[in-house]
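Each chain is listed here by its residues.
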Amino acid sequence: MDYAKAELATENEGFPKPSGLKPPSQVPKLLASQGRPLGELQESSMNSRSALAQPTATKHKVSGLPEPAFKRKTLAEKAGEVDRKVAAPPPARPVANSIKSTIARGFAASTLRVNPNKALKQPSATSYGGSIGPGARIPSVNARPRSAYGQHARSKSHHQGMRPATAMLKQRDEDDEDDGLERKDFYDDRIEAMERDFRMFKEKMEGDMQQTTDYKETIQQLQSKVTELEVLRARLETVNKGLEAELKDTQSCFTTVKMELEMTQRNHSFETEDMRRRLRNEIEDTKFEHEKVTKRMMKDKEDSEEKIRKDFEARIDKLLKAHSEELAELQKKIDADGEVDRARRAQEAQKVETEYASKLRLAAMEADAKQREIQLVQGELINTRSELDRERTLRTGLQSQLTEATTHNLTLDAANTAMKEKIHFLESDSQAQSQAFNDLHRRMQDAIDAAELAHEKLRQEETLRRKLFNQVQELKGNIRVMCRVRPTHATESDPASITFPDNDTDSKEVAVLGPNKQSATGKDVTSAYAYSFDRVFGPSSQNGEVFEEISQLVQSALDGYNVCIFCYGQTGSGKTHTMSSVDGMIPRATAQIYAEAQRLEEKGWRYTMQGSFIEVYNETYNDLLGRSEDLDKKKVEVRHDPAKKQTYLENAVSVALDGPERVDEILETASKNRTVAATKANMRSSRSHSVFILKLVGRNEITGEKSEGTLNLVDLAGSERLEHSKAEGARLKETQNINKSLSCLGDVINALGSSKEGAHIPYRNSKLTYLLQYSLGGNSKTLMFVMVSPLQAHLQETITSLKFATKVHNTHIGTARKQTKTKD
Ligand SMILES: Nc1ncnc2c1ncn2[C@@H]1O[C@H](COP(=O)(O)OP(=O)(O)OP(=O)(O)O)[C@@H](O)[C@H]1O
């Protein structure tokens, strides 16, 4: 029989789980169950009331003890005093004090509050004078609360109260009416006080109830804080990684900078040395050149002066010699020609003199010419001198140039010295730097050691985290059920009345207003159904939000557990959207696994991931990753290894998932291949179950640990009933097979929840449960999403689905076992 249908037929009235909603008021229940304080209160209250009745009863049961006449006045006076004191209203006290005293001392003590001193001061019950008379009864009543601590004491008190009452019979006739009224007031006051205390106590109980609710909320907040801390830790690890990379970069950068600095220093010293050498050479060359020029010029000048002077002297000597020779010859001629010839000679002398004068003139002229020549030579000399002066000026210029060069040289020397100092400084700075570098290196080494330690600690913490994480998962339950209600599309109208009562707090409840029914009296009745699950997602929820809830299970698969996540619901309720859409659970789960596997690499873990996509259609397996033409031809076989508790697929493509983008390819191939048949309920309805199987094998090279987990993401076929989909022919067969396999899934979960270890679980009854044999049950974690359509037209299916999910939710599956092995 159809499991879902059966559920609907048998549990339509009783199944909704109102207990999942907030209880109307638990205070009365708690009051009833709260043992001592309230019990005492009631007991005391009853005792008080019985104590009230007692004197009245005894009033008419007079035993007739003779009344001592000589004490009457004294007793009446005493009674009057007591009455006045007892009848006084109880002192007003703060509520808190009253509650405290009520709790601390019990109700009995609160009655003493009326006049505790007086009560203690009452005469002993054995004293005749203190036990008789109207005033004497009150102390005995006041003393009764003390007897509430023990039966014996109370009965004693009661007994003591009887005797004075009997003795009072005669005296009663003499008492006036007022005395009775006063006592009545006194008892009324007491009753009022008791009721007040009771009310306060009740309020406190209600306060405690509220506090309990607050504690629960705090626990939940702490749980979410644990999750937040997990995320934070993951973030911090990423930051740590980044910092390590930065440290490496800085280190290499520092090495480069140091090398560059050394190179620059070397180059600089070479350049400085070269420059110094060049300048020295230049200065020496300039000096040498200058000296050479000066010497040459001096020599030239001296030579030319000497030459001019010699020429001039030689010429003058020559002219003087020629003149003196001519004069001597003339004298000789004159002496030789004699006297006779004196006239002639005189004439001749005259003539000679004339000649001589002309010659003298000529000589003078020659002398003048010579003078002019001398003047010319002197001019030349002046020129030479001026040239010499110029040379001297040149020399001075050269000397000033030399001075300048020397100054320059000195400047260069100073610069050189400064440069040397700078080099020295740089060298010393370099020393400081290399010291700093050494420090840095040492600190870096320390940091590396610390990082190594931290890594080791991290690895240990990872193992611990896995353990604790699993404990948290186990505490949450190995089978979890979540509900998701999809939004209405623009084209859809007439939404059903689906509400989320605790949407602002827990988001665990969903309430559906059922269809109208006729009652036995013929009235229209609408029943409200309320369901509670581990989490309920409303129409505004996004896939990201849904994934947050399942991400912990995905982590469990990486940690070596078998995980099964189902999407159950009628056609068009949003299963495929949740599971296989672009941002659905499959792409998100694989992306998380990649990221996590990479993160775990630094802790020594290496993961291999193999993905398969299987379709269960008409109770046969199809490979959704194979060729589309092989879809109904190639027979996929499922094999189990009971020893290893592993499932193997024969004739099915298994893709090595070496990057998150691979998943898109897989989903594309699968959606192409997936059998999509048109039904009257939904043109895009999928009439088969699809199972995305991700095998995760991890090895820790450092610790030698090994883990093998499987993540199964199952998009179930539409769960609608046969009549609704109006199926016929091939579609009828499809629908029957779908109903059968869904019913078997329910049976398996039911059997897992109810049976003891080793009992038969009907995995073989359907291909779906057979395929998921090792991912359902004690060794696995299961999550079922019940998908709900928001339309009134689908209301009956919605209620059926929610009932099925509630049944699964009420199942408790045994503790999951991690498939971790130690090193082979
Ligand atoms: N949470 C959602 N938000 C927005 N649109 C949604 C949501 N859930 C479902 N839908 C849309 O509703 C339509 C039906 O959803 P979907 O195909 O996922 O249903 P299904 O249950 O997988 O149906 P079938 O059984 O035929 O595979 C799709 O157009 C889908 O995009």
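Analysis parameters
Residues numbered from 1 in each chain as written. Predicted model: local features only at pLDDT ≥ 70, side-chain atom pairs only at ≥ 80, totals over all residues. Heavy atoms only, no water. UniProt positions renumbered as here; feature names shortened; annotations may be inferred. Salt bridge = Lys/Arg side-chain N within 4 Å of Asp/Glu carboxyl O. Helix = DSSP H or I, 4+ residues; strand = E, 2+ residues; numbered from the N terminus. Buried < 20%, exposed > 50% of the residue type's maximum accessible area, 1.4 Å probe, protein only. 1 Å grid on protein atoms, 1.4 Å probe; cavity = no way out; pocket = protein on both sides within 12 Å on 5 of 7 lines; lining within 4 Å. Points joined across faces, edges and corners; volume = space filled by probe spheres on them. Pairing = 2+ DSSP bridges. Contact = heavy atoms within 4.5 Å. Axes fitted to C-alpha atoms, helices over the stretch in contact; angles between N-to-C directions.

As annotated in an unreviewed UniProt entry, the protein is Kinesin-like protein from Ampelomyces quisqualis. Heading Subcellular location (unreviewed entry) of the UniProt record for the protein holds this comment: "Cytoplasm, Cytoskeleton". Taken verbatim from the UniProt record of the protein, the Sequence similarities (unreviewed entry) comment is "Belongs to the TRAFAC class myosin-kinesin ATPase superfamily. Kinesin family. KIN-14 subfamily."

Caption draft 1: Just the pattern of salt bridges, in detail. In the structure shown here, the tally under the stated rule is 25 salt bridges. One salt bridge connects Lys-241 with Glu-602, and the closest N-O pair in it is separated by 4.0 Å. With Lys-241 in helix H11 (residues 177-337) and Glu-602 in the loop between helix H15 (585-601) and strand E7 (605-617), this residue pair connects regions lying 361 residues apart in the sequence. Given a relative accessible area of 43%, Lys-241 falls into the partly exposed group. Among the residues examined, Glu-602 registers a relative accessible area of 23% and is labelled partly exposed. A salt bridge links Glu-637 to Arg-639; the shortest N-O distance between them is 4.0 Å.

Caption draft 2: Up close: empty space enclosed by the protein. Evaluation of the coordinates by the stated rule reveals 8 cavities of 30 Å³ or more. Looking at the largest cavity, its volume works out to about 100 Å³. Forming the walls of the largest cavity are Val-293, Thr-294, Met-297, Met-298, Lys-301, Leu-388, Glu-391, Arg-392, Leu-394, Arg-395 and Leu-398. Those elements that place two or more of their residues in the lining of the largest cavity are H11 and helix H12 (340-476).

Caption draft 3: Summary view of the sheet that holds strand E2 (residues 498-499). In space, the 3 strands of this open sheet follow the order E2-E3-E4, with antiparallel pairing throughout. For this open sheet the edge positions go to E2 and strand E4 (524-532), each flanked by a neighbour on one side alone. Sheet topology places strand E3 (residues 509-518) next to E4; 8 bridges connect them, and they run antiparallel. The partner of Ala-511 across the bridge, within E4, is Ala-530. Set on the sheet, helix H20 (residues 795-809) makes contact with E3 and E4; between it and E3 the angle comes to about 130 degrees.

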